[in-house]
Structure formats: structure tokens, C-alpha cells
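Report on the structure
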Amino acid sequence: MLDAGCVLDGWQPDAPGHYCPRCGMTIGRGERADTDCVRCRKLPIAWRRLTRLGTYGAPIDNAILGMKFTRQWAYAAWFGRQLAQALPESAAPIIVTHVPLHWTRRCRRGFDQAELIAESLAKARGWPARPLLRKQKRTPPQSRFSPSERAAHARHAFAARRGDLSGHTVLLVDDVKTTGSTLNACCRLLKKRGA
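These lines cover the structure that appears in this document, whether it is placed above or below. Because the structure is a prediction, the values reported are computed rather than measured. (Residues numbered from 1 in each chain as written. Predicted model: local features only at pLDDT ≥ 70, side-chain atom pairs only at ≥ 80, totals over all residues. Heavy atoms only, no water.)

**Description of the packing of aromatic side chains**
Considering all chains together, one arrives at four aromatic pairs under this definition. Relative to Phe-111, the ring of Trp-73 has its centre 5.4 Å away and its plane inclined at 80 degrees; by these criteria the two rings are edge-to-face. On the criterion of sequence distance, the pair formed by Trp-73 in the loop between α2 (60-69) and α3 (74-86) and Phe-111 in the loop between α4 (103-109) and α5 (113-125) is long-range, its members being 38 residues apart. According to the relative accessible area criterion, Phe-111 is buried, its value standing at 4%. Grouping aromatic residues by their ring pairs yields a cluster made of Trp-11, Tyr-75, Trp-78 and Phe-79. (Phe/Tyr/Trp six-rings, centres within 6.5 Å; stacked < 30°, edge-to-face > 60°. Helix = DSSP H or I, 4+ residues; strand = E, 2+ residues; numbered from the N terminus. Buried < 20%, exposed > 50% of the residue type's maximum accessible area, 1.4 Å probe, protein only.)

As C-alpha cells, this is what we get:
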């Protein structure tokens, strides 16, 4: 079994003060992490808070690519445990969910990496993990498209499963956040269910 800790030896998750807790972008010199950064003040962000482990670059990018494309599933469990340590404590009832793959991509890949990360996080913190969303429309890989094209693809790609989420805090897990279009679309659906 892969020991992700050895592969990422020396790497440390980003401290909360190094990135904006609203949009997740790295804080610039002279900026404070406890106020909205200048990049996201006017952005329509549907989530309350973002926790990130790091920017998409070495060695994280290699771990994500290995997990997604070469079946190195141990990275998913490792990422989940890292998130469990990075998240603040909460008194509200928590449900952990994930941004799902379309069923055709999941069948081809054999697993959903965001689901594996979410399950690992939930297990580490003793929270329930539930599939609250489904991807109803197959979209091309988002990495090839502009921010406006990504937003258009995500807008109708997901649907919320039935159920009332009133009174619950939902932690939505994904492996990579670039523009936030997918997270925005998913968060809006969860909020409509009461999250």
C-alpha cells in the first residue's frame, strides 16, 4: 500500500491565515485573512467558508493526478485525514458530502476520488457521509475551458437528492477548486434543501 506521507514528505498543509477563507486564494502581502480579499469581494460565492490543503502545484498536483488516473487510492484517505485536521470544530450537526462524478466517468474510473476523500474525512471526525448530489449531465473535463464556460457547464450539471437538510452544516468535498463554478452550483442546490 502506498504511504502518501512518505511520498509527500516535508509537505505541510496551508495554514488558514495564508489564504482567503471565502474564496481560497492565497493572501497577498499586506492583506489579512480575516477579511474578504480584494479578489472575491464582489464574487457571488455560495459557500460560507472554504478550507484548502494547498495550491495546485508540486507535490499536491502529482498526488491528485496519481489518485485520479493511476488508481493510487491511498492518496484519497490521506487527503481526507489532512482535511479532518485542518477543519475547525463545529457544534452544528455535520453531514459530509462530495462533488460527484457522472456515472459514466465513475464506471470508467472505477471510483469517485472526491467521494473517497469525503468518506475518509467523515471517518476521521466521526461524522456521517452521504451522497447528497448527483451529476445528471456529463460535462467535458473543465480544465480546458474559460471561467465563463466552466460556469455554464456546471449550472445544470448537478441535482440534489431528496431530503431536508435544515439545521445541518454540510461539508462539500472536491479534489480541486479552480474557478469555484462547480462548488457554487453544488452549494446552491444544497442550500435549497435547507443546508
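**Some details on the packing of α3 against α5**
Two elements in contact, α3 and α5, have axes separated by 7 Å at closest approach and are oriented at 45 degrees. Judged by the angle between their axes, α3 and α5 are oblique. Crossing geometry of α3 relative to α5 is assigned as right-handed. Two secondary-structure elements touch here, α3 through Ala-76, Ala-77, Phe-79, Gly-80, Arg-81, Leu-83 and Ala-84 and α5 through Gln-113, Leu-116, Ile-117, Ser-120, Leu-121, Ala-124 and Arg-125. Residue classes in the contact of α3 with α5 are distributed as nine nonpolar, three polar and two charged. (Axes fitted to C-alpha atoms, helices over the stretch in contact; angles between N-to-C directions. Parallel < 35°, antiparallel > 145°, perpendicular 65-115°, else oblique. Left-handed = near helix turned anticlockwise from the far one by under 90°. Contact = heavy atoms within 4.5 Å. Nonpolar A, V, L, I, M, F, W, Y, C, P; charged D, E, K, R; others polar.)

**Concerning the layout of surface pockets**
Within this model, the second largest pocket holds a volume of roughly 480 Å³. Surrounding the second largest pocket, 25 residues form its lining, Pro-44, Gly-180, Ser-181, Asn-184 and Arg-188 being those nearest its centre. Looking at the lining of the second largest pocket, the elements with two or more residues in it are α6 (147-155) and α7 (181-192). At six residues, α7 tops the list of elements feeding residues into the lining of the second largest pocket. In terms of residue class, the lining of the second largest pocket is made up of 13 nonpolar, seven polar and five charged. (1 Å grid on protein atoms, 1.4 Å probe; cavity = no way out; pocket = protein on both sides within 12 Å on 5 of 7 lines; lining within 4 Å. Points joined across faces, edges and corners; volume = space filled by probe spheres on them.)

**Topic: α2**
Because each turn of an α-helix spans 3.6 residues, side chains separated by three or four positions in sequence point in the same direction. Across the ten residues that make up α2, a large majority, seven, are buried. Regarding α2, the residues found buried are Ile-60, Asp-61, Ala-63, Ile-64, Gly-66, Met-67 and Lys-68. Its buried side turned inward, α2 meets α3, α4 and α5. Positive phi shows up at Arg-71, right after α2, with a value of about 55 degrees.

**Remarks on α7**
Spanning twelve residues, α7 covers 17 Å between terminal C-alpha atoms, matching the ideal 16 Å at 1.5 Å per step. Burial runs high along α7: nine of the twelve residues are buried. Every buried residue belonging to α7 is among Ser-181, Thr-182, Leu-183, Asn-184, Ala-185, Cys-186, Cys-187, Leu-189 and Leu-190, and all of these are buried. Those residues of α7 that are buried lie in contact with β1 (94-98), β2 (133-135), α6, β3 (158-160) and β4 (169-173). Residue Gly-194 follows α7 closely and has a positive phi angle near 105 degrees. (Expected span 1.5 Å × (residues − 1).)

**So, the pattern of salt bridges**
Applying the stated criterion to the full structure yields four salt bridges. Here Asp-175 and Lys-68 are joined by a salt bridge, their closest N and O atoms 3.3 Å apart. Within this pair, whereas Asp-175 is found in the loop between β4 and α7, its partner Lys-68 is found in helix α2, the two being separated by 107 residues in sequence. Accessibility classification places Asp-175 together with Lys-68 in one group, the buried group. The partner of Arg-125 in a salt bridge is Glu-89, with the nearest N and O atoms 3.3 Å apart. Remark: Glu-89 occurs in the loop between α3 and β1 and Arg-125 occurs in helix α5; sequence separation between them is 36 residues. (Salt bridge = Lys/Arg side-chain N within 4 Å of Asp/Glu carboxyl O.)

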